[in-house]
Structure formats: structure tokens, C-alpha cells
Amino acid sequence: MWTFTSDTEEYAAVAEPFLLGDPVRHTVPLTVLAGLRAGMPVEDPLFGWWTAGGEVRGAVFHTPPHPVGLFAVPVEAVAPLVEALNGDLPVFVGPLEVTDEVTRLLGAPERVVSERLYRLGTLTVPDVPGQGRPAVPGDFPLLVSWYQAFGDEVRMGEGDVVDRVARRLAARELFVWEADGAPVALAALSPAAGGVCRIGPVYTPPSCRRRGYGAAVTAYATRTGLAERCDEVVLFTDLDNPTSNSIYQSIGYEPVSDYAHITYAA
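These lines cover the structure that appears in this document, whether it is placed above or below.

Reading guide: rules and limits
Residues numbered from 1 in each chain as written. Predicted model: local features only at pLDDT ≥ 70, side-chain atom pairs only at ≥ 80, totals over all residues. Heavy atoms only, no water. Buried < 20%, exposed > 50% of the residue type's maximum accessible area, 1.4 Å probe, protein only. Helix = DSSP H or I, 4+ residues; strand = E, 2+ residues; numbered from the N terminus. Pairing = 2+ DSSP bridges. Right-handed = clockwise from strand over helix to strand, strands pointing away. Arc of directions from axis to C-beta. Contact = heavy atoms within 4.5 Å. Disulfide = S-S within 2.5 Å. Phe/Tyr/Trp six-rings, centres within 6.5 Å; stacked < 30°, edge-to-face > 60°. Axes fitted to C-alpha atoms, helices over the stretch in contact; angles between N-to-C directions.

## Re the pairing of strand S10 (residues 196–203)
Taking burial as the measure, the 8 residues of S10 include 7 buried ones, the bulk of the element. By the bridge criterion, 3 bridges tie strand S9 (residues 182–189) to S10 in an arrangement that is antiparallel. Bridged to Leu189 within S10 is Ile199. Taking the residues that link successive antiparallel strands as the turn, the S9-S10 hairpin has 6 residues, and the phi of Gly194 there is positive, at about 65°. When S10 meets strand S11 (residues 232–238), the two strands line up parallel, connected through 4 bridges. Pairing of Ile199 across the sheet is with Leu235, part of S11. Handedness of the crossover joining S10 and S11 through helix H7 (residues 213–228): right-handed.

Following this line, the structure appears as C-alpha cells:
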């Protein structure tokens, strides 16, 4: 049975213990929950949990304008969820077996982005010229432009980029790689949730690519997370980008499971 609420703390009280049972696979819902508690703005949120046999066995969230998060939804709960939402799932993301079931029920989508969740094994720091550092307020205009460019490139820009960068900068979640005294790449690191931090986005402007800067800034942010903030680090990749997948594996990230980002509405 699905139960829904718009109240963050009501949702957290019921769903968070379940989500913490697998903080790696549930990194996104846990991070979103942490962000909401920290004051992340949201309008008309929807939270839900699936109960079977008297136990919570699934959870769903929607914090517009972001996709519906099906990260913690079991396959057997998909049909009841689609029915409860009257098929109103224009954009959603979740494990492949879950998104496959949704598309079986709703029909062929307009767009599918295949993703893979990676978990750090043993970090290998690449030998790349330059150095990493936390982003500072003086980086703000550049970071906003990079965030915007990243969103345009992957066609997943959502929400107010300026506000998001400001919040992440103030929370010390953004890192840059410098070469020859200038920033050449960006990596973000989410706050720890259940002992797990998540890298993303990672962005290198086109003029600075193919020099190892993306790997370098990812390794730097990863090392910072492990040293100061969390026990494990994860990240998602676009499976249609073989370069990024090979880069992350080269510094120690290992595949966990596959996901899909599904769009029905343009």
C-alpha cells in the first residue's frame, strides 16, 4: 500500500530508517532528504512510502522541477504507484528494472538516458599537472556558467542554477582543479548521508578537455570526502559517454547497478 504526504518530517520519520538500510543505492533520496532539512527550497513536494507485510519496503519522492525519484521503489510496487499517480510521471529516474516496468505500463518514452552507479573501491590519484582546491566566492560567476553549460550539454538542466551554485558554494560542496593558475575543471560533492557522499556534477569546459583534469578534480573531491566527510563515495555516469566511464574506473570507481532517466514530456 502506498501512503503519500507533502510533509518532509513525516516522510523522514517513516522512510529514512528503510533508506538507511542501503545508503549506497539510496544515495539520492537520502541526499535530497538532507538537503530539504538544510533549507533547500521546494514547491509542492510529494513523498510516499510502500508498506507490505506491515513493513516499509519502498519510498518515492518528487521535488519539482526535478524528476520523480524511483530509486527505492521495488518492482512489485510500480503498478500500484502508477495507478495512485494516475500515470502522471512525465520525467522520472530509477533502477533499470523499475523504469522498465514503468515504461511497460505507460508505453514508449520520448527520451531515455542510461546511467550507471559507481562506488569507490581503492582510490588511485592520477598524475595530472595542477592542483585541486575548494571553490571560493570569487569563483562564483565561472561556476554558474559551468553549471549552466553542463546542464545544456546533458539536457538535464533543472531549477535555478544561480541559487543552486550559491547554496553548494556556501556549503563547501564545490571543488576546482587549477592548472597554470586558472580553474580548468569542477567537481561537486554532496553532503554525507548515511555515511555516503556523491560526486556530481563533474565538468570540464571543451577547451580544457583530454588533459586529465576531470579525473584529477574527481579524485581530489573524492579524497576530500573520505578524509573529512564520509566513509564511502559514489557517482553516476551517463553510459552513452564511454570516456567518463573509463576515467572514473581508472581512478578506482567500480560499477554497482544501472539506472535510467526517462522523459515522456518535452
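## Side note on helix H8 (residues 242–250)
For H8, the set of buried residues is Ser244, Asn245 and Tyr248. Down the axis of H8, the smallest arc covering the buried residues is 100°, so these residues share one side. Close packing links the buried residues of H8 with strand S6 (111–120), S10, H7, S11 and strand S12 (253–263).

## With respect to the state of the cysteines
Per the stated rule, a full pass over the model turns up 0 disulfides. Unpaired in terms of disulfides, Cys230 finds its nearest cysteine sulfur in Cys197, a separation of 3.1 Å.

## A few points about the packing of aromatic side chains
Evaluated as defined, the whole model comprises 10 aromatic pairs. Site record: aromatic cluster; members linked through ring pairs are Phe61, Phe71, Phe236 and Tyr259.

## A short note on the sheet that holds S12
Strand order in this open sheet of 12 strands is S1-S2-S3-S4-S5-S12-S6-S11-S10-S9-S8-S7, and the pairing throughout is mixed. With one partner strand each, in any of the chains shown, strand S1 (2–5) and strand S7 (131–134) form the two edges of the open sheet. Pairs of neighbouring strands in the sheet enclose a mean axial angle of 25°, with direction left out of account. Where S6 and S12 come together, 10 bridges link them in antiparallel fashion. Considered in S12, the bridge of Leu120 is made with Tyr253. Packing of helix H4 (residues 96–106) onto the sheet brings it into contact with strand S4 (68–72), strand S5 (91–95) and S12, and relative to S5 it is tilted by some 135°. Across the face of the sheet, helix H6 (residues 161–170) comes into contact with strand S8 (174–179), S9 and S10 while running at roughly 85° to S8.

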